[in-house]
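# Structure assessment
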Amino acid sequence: MTAQIIDGKAIAATIRGEIAKEVAKLKEEHGVAPGLAAVLVGERKDSQTYVRMKKKACAEVGIKSIGVDLPESVSQEELIARVRELNADPEVDGILVQLPLPDHINEEAVLAEIDITKDVDGFHPINIGRLSMKGRHPLFVPCTPRGVIELLDRTGIEIEGKNAVILGRSNIVGLPVSMLLLHRNATITICHSRTKNLPEVTRRADILIAAIGRAEMVRGDWIKPGAAVIDVGVNAVDDATRKRGYRLVGDVNFEEAKEVAGYITPVPGGVGPMTIAMLLKNTLDGRKRRLGLIE
Ligand code: GUN
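The paragraphs below set out a description of the structure included in this document. What you see is a predicted model, and the numbers here were worked out from it, not measured in a lab.

Secondary structure assignment for the protein chain yields 10 helices and 11 strands. The globule rule puts the C-alpha radius of gyration for 295 residues at 19 Å, and the 19 Å found for the protein chain is close to it. By its C-alpha atoms, the protein chain is 50 × 40 × 40 Å across when sized along the principal axes. Within the span of the protein chain, comprising 295 residues, buried residues form 49% of the whole. Counting contacts in the protein chain only where the partners sit at least 6 residues apart, residues at least 24 apart contribute 68% of the total. Within the protein chain, one finds 40 positive and 40 negative side-chain charges whose respective centroids are separated by 2 Å.

The next subject is the nonpolar core. By size, the foremost hydrophobic cluster in this structure holds 49 residues, and its most contacted members are V148, L152, L181 and I209. At 8 residues, the largest contribution of residues to this core is made by helix α10 (residues 271-290). When residues no more than four places from it in sequence are discounted, the contact partners of L152 are I157, I159, L181, I207, A228 and I230. Core analysis: the next-biggest nonpolar cluster, separate from the first, contains 20 residues, A37, V74, L86 and L99 among them.

With that settled, the discussion passes to the side chain of K281. Inspection of the secondary structure puts K281 in helix α10. If we ignore the near neighbours within four places in the chain, the residues touching K281 are I15, I19 and R146.

This brings us to the pairing of strand β8 (residues 228-231). Side-chain alternation along β8 places A228 and I230 on one buried face and V229 and D231 on a second face that is also buried. Bridge count between strand β7 (residues 207-210) and β8: 4 bridges; the pairing is parallel. Looking across to β8, one finds that I209 is bridged to I230. The pairing of β8 with strand β11 (residues 263-264) spans 2 bridges and is classified as parallel. If you follow V229 over to β11, its bridge partner there is I264.

What follows is about the sheet that holds strand β5 (residues 163-167). Pairing is parallel across the open sheet formed by 6 strands, whose spatial order is β1-β11-β8-β7-β5-β6. Every other strand in the sheet has two partners, leaving β1 (4-5) and β6 (187-191) as the edge strands with one partner each. With 2 bridges joining them, β1 and β11 adopt parallel strand pairing. The residue bridging Q4 from the neighbouring strand is Y263, located in β11. Its contacts with the sheet place helix α6 (residues 143-155) against β1, β7, β8 and β11, and it is angled at close to 145° to β8.

Parameters at a glance
- Residues numbered from 1 in each chain as written.
- Predicted model: local features only at pLDDT ≥ 70, side-chain atom pairs only at ≥ 80, totals over all residues.
- Heavy atoms only, no water.
- Helix = DSSP H or I, 4+ residues; strand = E, 2+ residues; numbered from the N terminus.
- Rg over C-alpha atoms; globule rule 2.2 N^0.38 Å.
- Buried < 20%, exposed > 50% of the residue type's maximum accessible area, 1.4 Å probe, protein only.
- Contact = heavy atoms within 4.5 Å.
- Lys, Arg positive; Asp, Glu negative; His and termini not counted.
- Charge placed at Lys NZ, Arg CZ, Asp CG, Glu CD.
- Core = buried A, V, L, I, M, F, W, Y, C linked by side-chain atoms within 4.5 Å.
- Pairing = 2+ DSSP bridges.
- Axes fitted to C-alpha atoms, helices over the stretch in contact; angles between N-to-C directions.

Right, here's the structure in full:
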């Protein structure tokens, strides 16, 4: 059996097209474009790349982006003061603080300062708290987890009643995606570094979400035949045949897994493009909510 490859790049392009149309309509009818503020602290190359990609994606759909670049040495007070300025800025509908932050800054304290109506990453404790409870509604859901659900939905993969196994319990992916799958009536199992007999657990998964950050750790024989495998990992491995000296691989051994799974996302070109598409969608939703067009 060879799995159907879930083309996240194509699905994300469709979504970006839908967003561009909505942004154009908003401009026409209300005379405003949504605005996203991206706060980048320090000089991490990966964070710089992510922020650059996010700003470029904004420009392509007509969302205004406002870059706030701060030095590695910025104090927590100064960073919080900048977040508060953005909270008060009427042109800003979404605020993202790129993570990780330098060690001397308390991430939780900073994220808690973001106005929950502008929390497009969905990392504010109130939004995460609402996501973790039954019958409560977060204003925003974190982008990568939202992208994972969107990929499953747009591929026609049923979630209700299925066994979903999540590898990883991070605040950014593992935990929130588990909550979303639970709200959709999947039976969830969350695995982590202390889980015993991992392959035995993953082999029970109808839906397997890999978000552990370990290159190609999930082997073909960890997968139930026909399962949907969503690979959130992005790992650089040395590759002398590439100009840049490395290539990106997921947490799943793609070549082995595609022979067993029913559906699989590639890396790159699977979940990654969806994260940015969901950030744009959240930013648009932020403006629509402020205009009273959605709840
Ligand atoms: N760092 C890794 N992923 C993310 C993300 O989705 N949002 C932010 N702000 N930082 C990240």
